[in-house]
Amino acid sequence: MAFTVAIDGPAAAGKGTISRAVADKFGFAHLDTGLLYRATGRRTLDGTDPMEAARLLTPEDLQADGLRTPDVAQAASRVAAIPEVRAALVDFQRAFARRNGGAVLDGRDIGTVICPDAEVKLFVTASDEVRAKRRLDELLGKGHETDFETVLCDLQTRDARDSARATAPLKSAEDAVMLDTTRMSIEEAVAAACAEVVRKQ
Ligand code: C5P
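The name an unreviewed UniProt entry assigns to the chain is Cytidylate kinase, from the organism Roseovarius rhodophyticola. Of the comments in the UniProt record for the chain, the one headed Subcellular location (unreviewed entry) reads "Cytoplasm". Under the Sequence similarities (unreviewed entry) heading, UniProt states for the chain: "Belongs to the cytidylate kinase family. Type 1 subfamily."

On to the sheet that holds strand β1 (residues 4–8). The sheet built from five strands is open, its strands ordered β2-β3-β1-β4-β5 with parallel pairing. On the outer flanks of this sheet lie β2 (29–32) and β5 (177–180), each paired with one strand and no other. Across this sheet, the average inter-strand angle for adjacent strands is 20°, counted without regard to direction. As defined by bridge partners, β2 adjoins strand β3 (residues 103–107) across four bridges and the pair is classed as parallel. Bridging across to β3, Asp32 finds its partner in Asp106.

Not every one of the 14 residues close to the ligand is listed here, only the nearest: Arg38, Arg86, Arg158, Asp162 and Arg165. Interatomic distance of 2.9 Å between a side-chain N/O atom of Thr33 and a nitrogen atom of the ligand. A distance of 2.5 Å is found between an oxygen atom of the ligand and a side-chain nitrogen or oxygen belonging to Arg38. Protein chains bury 97% of the 450 Å² of accessible surface belonging to the ligand in isolation. At three residues, the largest contribution of residues to the shell around the ligand is made by helix α2 (residues 34–44). For the shell around the ligand, the residue count by class is three nonpolar, four polar and seven charged.

The next subject is the environment of Ala103. Mapped onto the fold, Ala103 is located in strand β3. Under the relative-accessibility criterion, Ala103 is labelled buried at 0%. With 54 residues separating them along the chain, Ala103 and Asp49 place their C-alpha atoms 31 Å apart. Apart from residues lying up to four places away in sequence, Ala103 is in contact with Phe3, Thr4, Val5, Phe28, Ala29, Phe96 and Ala97.

How each quantity is defined
Residues numbered from 1 in each chain as written. Predicted model: local features only at pLDDT ≥ 70, side-chain atom pairs only at ≥ 80, totals over all residues. Heavy atoms only, no water. UniProt positions renumbered as here; feature names shortened; annotations may be inferred. Pairing = 2+ DSSP bridges. Helix = DSSP H or I, 4+ residues; strand = E, 2+ residues; numbered from the N terminus. Axes fitted to C-alpha atoms, helices over the stretch in contact; angles between N-to-C directions. Near = heavy atom within 4 Å. Polar contact = N/O pair within 3.5 Å; in protein donor to acceptor, adjacent residues only side chain to side chain. Areas by Shrake-Rupley, 256 points an atom, 1.4 Å probe, with all protein chains shown as cover. Nonpolar A, V, L, I, M, F, W, Y, C, P; charged D, E, K, R; others polar. Buried < 20%, exposed > 50% of the residue type's maximum accessible area, 1.4 Å probe, protein only. Contact = heavy atoms within 4.5 Å.

In structure tokens:
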């Protein structure tokens, strides 16, 4: 039976961690839809046309190294504003969402555009400063050289572009449950998300 959990929110709010934990707990499949845009954006860095890049995407591309860099994140956000790129990625995401056994998808437009009928919709946020600190720790942990101001500016630029675009902008679905993780531990945020799934099952 299909059961879809849609988790949206701005960059580095904790969507990925929460999504993976929910998927693990309930035995659902997980799709980080940001990877679709990151893999597409990455291909454009060598001059490939964005539409061509989206069309050529293979499941293996989503496993590629180097998708988590700041440059690729910005390229992802740029290609994500192109309606034709988004359209090319819709069918794959919807098929994933309705697979048997349940699915968790995290992104920006899952509850609004990809899966408006998802059984559970969460919109995960945190203050800009907390999100930047989390992303900074993650990048430093992977050996990237960067600093708080750079990371904060990167996130804010990306969120502004993602929120302002005409097609499938970053915004909460009207029926989404808001989860502000600013003052929550990972465990608390995961517990709150799991409670929503239990409530709807
Ligand atoms: O989630 P992540 O930060 O990896 O996403 C990278 C970029 O991909 C976002 O900044 C956004 O522009 C785009 N994206 C999107 N719609 C989604 C997921 C990601 O536009 N569902």
